[in-house]
Amino acid sequence: MAKGKNLKEGQVYAVPLSNGTFTITQLVNHHIVESSKHISENTFAFFNLVYQSIDEIEKELDNVDLSTPVSILTANSSPRTYKWKLVGEKEINICIDYQCQISSL
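Along each chain, residue indices are assigned from 1 in the same order as the chain's sequence is written. This being a predicted model, a pLDDT of at least 70 is required before a residue's local features are given, and a value of 80 or more before pairs of side-chain atoms are given or counted; all residues contribute to the totals for chains, interfaces and linings. Think of the side-chain values as coming from all heavy atoms in the structure, minus any hydrogens and water.

Colleague: Explain the packing of aromatic side chains to me, and be specific about the residues and the numbers.
Modeller: Here the aromatic set is Phe, Tyr and Trp, taking the six-membered ring for Trp, and pairing holds for ring centres within 6.5 Å; pairs whose planes are under 30 degrees apart are stacked, those over 60 apart are edge-to-face, and all others are tilted. Applying the stated criterion across every chain yields a total of 4 aromatic pairs. Where Y13 meets F44, the ring centres are 6.3 Å apart and the plane angle is 80°; that geometry is what we call edge-to-face. Highlighted residues: Y13 in strand β1 (residues 11-16) and F44 in strand β3 (residues 40-46), separated in sequence by 31 residues. In this structure Y13 comes out as buried when scored by relative accessible area, which is 5%. Only DSSP runs of H or I covering at least 4 residues are called helices, and only runs of E covering at least 2 are called strands; the numbering of each starts at the N terminus. Any residue under 20% of the maximum accessible area for its type is buried, any over 50% is exposed, and the rest in between are partly exposed; the area is computed with a 1.4 Å probe on protein chains only.

This is how it looks when you write it as structure tokens:
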């Protein structure tokens, strides 16, 4: 997938792990801080999935169930800061209301 500078809810990123494998995260909320168009708060859902390569993620992404995250992270930095690679987009389909039930994760 082409690299994009604009964050968009639903984007899925490959996250490199310390052992050389990857997991995925999905941008589930992109909030632009009103006082500055260049600052945003981004909430990502992480899933209990491990892949051997980015190619494997891209091949399996259409069939992956992203309804049950194991962790939620809100950060002010972009995915580029963490060296996450944009691999696609999927509809957000989380089965919990993370904004109200964040403590249940």
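What follows picks up the thread again.
Colleague: How would you sum up the nonpolar core? Please name residues and give values.
Modeller: In this text, buried Ala, Val, Leu, Ile, Met, Phe, Trp, Tyr and Cys residues form a nonpolar core when linked through side-chain atoms within 4.5 Å. Core analysis: the largest hydrophobic core is formed by 16 residues, its most contacted members being V12, A14, I24, A45, I57, L66 and V87. Those elements giving two or more residues to this core turn out to be β1, β2 (22-32) and α1 (54-60). For this core, the element with the highest residue contribution is β2, accounting for 3 residues. With 8 residues, the next largest nonpolar core counts L7, L27, F44 and L86 among its residues.

Colleague: How would you explain the pattern of salt bridges if you had to name every residue and give the values?
Modeller: A pair is scored as a salt bridge if a Lys or Arg side-chain nitrogen falls within 4 Å of a carboxyl oxygen belonging to Asp or Glu. Under the counting rule described, the total for this entry stands at 2 salt bridges. K8 is the partner of E89 in a salt bridge, and the nearest nitrogen-oxygen pair spans 3.3 Å. Residue E89 is found in strand β5 (residues 85-89), and its partner K8 is found in the segment before β1; the two are separated by 81 residues along the sequence. Assessed through its relative accessible area of 41%, E89 is described here as partly exposed. Owing to a relative accessible area of 46%, K8 belongs among the partly exposed residues under this scheme. Across the salt bridge formed by E58 and K85, the nearest N and O atoms sit 3.3 Å from each other.

By themselves, these are just geometric observations and shouldn't be taken as functional.
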